[in-house]
Amino acid sequence: MQSQFDFLIHNVQIASMAANSEAYGEIKDACVAIKNGNIEFIGNQHDFDGEVDTYVDGEGQWLLPGFVDCHTHIVYGGDRANEFEMRLNGVSYQTIAQQGGGIKSTVKATREASFESLLASASSRAQALLDEGVMTLEIKSGYGLDLQNEIKMLEVAKQIAKDLPVNVSTTYLGAHALPLEYKDDADGYIDFVCDTVLPKIYELKLADSVDVFCETIGFNTAQCERVFKSAKQFGLNIKAHVEQLSDLKGAKLAASYNAISVDHIEYLEPEDAFALKQSNTVAVLLPGAFYFLKETQKPPVNALRQNSIPMAVATDLNPGSSPIASILTCANMACVLFDLTPEEALKGITINAASALGLNDRGQIQTGMRADLCLWNIAHPAQLIYAVNQHKPVKKWFGGKLV
């Protein structure tokens, strides 16, 4: 019996990013059939005999899953170009933060910004990512640090998903920095995060995950653990900024709470990687911040490989340490700076990035998956990682709809 499909993309080479015997999950001389926004058939085109409403000729080009940027801070007010200049004149990131710059300066600008202005600037950044093939985007709060402005940030993130062809996963990052009204009272602020803000955000259904900044200039492990316990009570996913500037064992703590991802991890001890394997936690690499802050301590990529820990790659798009609105540039950086292979980098912005958001219906071209697809005029998938700012998708389908 023949099946009925909405459309068929044929005459393509597919980099499915799913596990098979070929690099990149390659399927040659392939086709993909779509119905109701999902992939219903994938395989060699001479094996397909279904009935189709519309045929799309891929002209021998490469079809890949839509990209996933699993760590961004794109909703914020102002910019920090002045701090960029300060760092180039020898002032450290930590010193700038201690002097009221860094995150705190962005908090001030974000609190002063209207919903409309935040939406306009964040949408522009999001569009830059979409132009390069991103179809799922994580957006964190964390620049409001009070109830009203954290809600405002997350509502902006939700609105972006309504205005643009992108799925948005929202993350409450209340434990990002200490606001001025809680100066010298970090424990009191964590009380506020856990007892006041988090319950309200859960009530309003504004967040999928909860994140923390576990660092010497952020919050200690005991304070972060309190946030994790509160997040668990509300059934929210746990993510964590850990081991970026020092080794506080935040990754091991997050893994003990079954975090879906630990992010940065430059100072993760290789022997601590096993804890991530036990908890099925994804390691998210953020080479943009490493590059922008001129860091030298690299994440333990070999230990992650040896423990078969999925490695995701993200832009960390933010005003202070990674103002980079290009997922492919960051994938290239992951290869050049962290020694990933091009295939690992592509997995890092597709299947592994989806896992870092707890999403199992995207990031690969497989039957039953969302039809988030990009067609590329390239000779080989590695070209996407090798050539900086030289490729944009020829065609895009978001949930099976041509964008």
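Residues numbered from 1 in each chain as written. Predicted model: local features only at pLDDT ≥ 70, side-chain atom pairs only at ≥ 80, totals over all residues. Heavy atoms only, no water.

Naming follows an unreviewed UniProt entry, where the chain appears as Imidazolonepropionase of Aliiglaciecola lipolytica E3. Here the chain is described in UniProt, under the heading Catalytic activity (unreviewed entry), as follows: "4-imidazolone-5-propanoate + H2O = N-formimidoyl-L-glutamate". Looking at the chain in UniProt, the text filed under Pathway (unreviewed entry) is "Amino-acid degradation; L-histidine degradation into L-glutamate; N-formimidoyl-L-glutamate from L-histidine: step 3/3." (UniProt positions renumbered as here; feature names shortened; annotations may be inferred.)

A. Structural detail: the domain arrangement of the chain. What the domain assignment reports for the chain is domain 1 (5–65 + 364–402) and domain 2 (67–356). Centre-to-centre, using C-alpha coordinates, domain 1 lies 30 Å away from domain 2. Taken together, the 23 residues of domain 1 in the interface contact 22 residues of domain 2. Taking both partners together, domain 1 and domain 2 bury about 1900 Å²; carbon and sulfur atoms supply 69% of that area. On the domain 1 side of the interface with domain 2, the three residues burying the most area are Met17, Ile385 and Phe398, jointly 36% of the side's total. Inspection of the region where domain 1 meets domain 2 yields zero salt bridges. Applying the counting criterion to the domain 1 and domain 2 interface returns three residue pairs in polar contact (both at pLDDT 80 or more). When residues of the side of domain 1 that touches domain 2 are traced back to their parent elements, those giving at least two are strand 5 (62–65), strand 14 (373–376), helix 15 (382–386) and strand 15 (395–398). With four residues, the top contributor of residues to the side of domain 1 that touches domain 2 is helix 15. Broken down by class, the residue content of the side of domain 1 that touches domain 2 amounts to 17 nonpolar, two polar and four charged. (Domains from an automatic or database assignment. Contact = heavy atoms within 4.5 Å. Buried area = accessible area lost by both parts, 1.4 Å probe. Salt bridge = Lys/Arg side-chain N within 4 Å of Asp/Glu carboxyl O. Polar contact = N/O pair within 3.5 Å; in protein donor to acceptor, adjacent residues only side chain to side chain. Helix = DSSP H or I, 4+ residues; strand = E, 2+ residues; numbered from the N terminus. Nonpolar A, V, L, I, M, F, W, Y, C, P; charged D, E, K, R; others polar.)

B. Structural detail: the sheet that holds strand 6 (residues 67–69). The strand order 6-7-8-9-10-11-12-13 describes an open sheet built from eight strands, whose pairing is parallel. This sheet does not close on itself; its edge strands, each paired only once, are strand 6 and strand 13 (311–313). Between one strand and the next, the sheet's axes are offset by a mean angle of 25°, whatever the strand orientation. Both strand 9 (residues 209–214) and strand 10 (residues 237–242) contribute to a ladder of four bridges, which runs parallel. If you follow serine 209 over to strand 10, its bridge partner there is asparagine 237. (Pairing = 2+ DSSP bridges. Axes fitted to C-alpha atoms, helices over the stretch in contact; angles between N-to-C directions.)

C. Layout of the environment of glycine 218. With respect to the element layout, glycine 218 can be found in the loop between strand 9 and helix 7 (221–233). Judged by relative accessible area, which is 23%, glycine 218 ranks as partly exposed. Distance from glycine 218 to alanine 325, taken between C-alpha atoms, is 25 Å for residues 107 residues apart in sequence. (Buried < 20%, exposed > 50% of the residue type's maximum accessible area, 1.4 Å probe, protein only.)

D. Structural view of the pairing of strand 3 (residues 38–44). Here six bridges tie strand 2 (residues 26–35) to strand 3, and the two strands are oriented antiparallel to one another. Pairing of cysteine 31 across the sheet is with glycine 43, part of strand 3. A loop of two residues connects strand 2 with strand 3, the two strands running antiparallel in sequence, and asparagine 36 in this loop sits at a positive phi of about 55°.

E. Highlighting the packing of helix 4 (residues 115–130) against helix 5 (residues 147–163). Contact geometry of helix 4 with helix 5 gives a least axis separation of 9 Å together with a crossing angle of 50°. In terms of orientation, helix 4 and helix 5 fall into the oblique class. In terms of crossing hand, the pair formed by helix 4 and helix 5 is right-handed. Between helix 4 and helix 5, the contacting residues are Phe115, Leu118, Leu119, Ala122, Ser123 and Ala126 on the first element and Lys152, Glu155, Val156, Gln159, Ile160 and Asp163 on the second. (Parallel < 35°, antiparallel > 145°, perpendicular 65-115°, else oblique. Left-handed = near helix turned anticlockwise from the far one by under 90°.)

F. Fine view of unusual backbone geometry. Positive phi values are uncommon outside glycine, yet lysine 294 reaches one of about 55°. Among the residues examined, lysine 294 registers a relative accessible area of 63% and is labelled exposed. In this structure, aspartate 339 takes a positive phi of about 70° despite not being glycine. When you line up the elements, aspartate 339 lands in the loop between helix 12 (327–338) and helix 13 (342–348). Given the relative accessible area of 48%, aspartate 339 is considered partly exposed.

G. Looking closely at the pattern of salt bridges. Overall, the coordinates contain 16 salt bridges when judged by the stated rule. The salt bridge involving arginine 111 is made with glutamate 181; its shortest N-O contact spans 2.7 Å. With arginine 111 in helix 3 (residues 103–112) and glutamate 181 in the loop between strand 8 (167–175) and helix 6 (186–203), this pair connects stretches of sequence that are 70 residues apart. With a closest N to O distance of 3.9 Å, lysine 252 and aspartate 272 form a salt bridge.

H. A look at the packing of aromatic side chains. This model, assessed by the stated rule, comprises 14 aromatic pairs. Consider the rings of phenylalanine 7 and tryptophan 397, whose centres lie 6.2 Å apart with planes at 25°: the pair is stacked. Of this pair, phenylalanine 7 sits in strand 1 (residues 4–15) while tryptophan 397 sits in strand 15, and the two are 390 residues apart along the sequence. The exposure class assigned to phenylalanine 7 is buried, which follows from its relative accessible area of 9%. Assessed through its relative accessible area of 3%, tryptophan 397 is described here as buried. An aromatic cluster is built from Tyr182, Tyr189, Phe192 and Phe219, whose rings are joined through pairwise contacts. (Phe/Tyr/Trp six-rings, centres within 6.5 Å; stacked < 30°, edge-to-face > 60°.)

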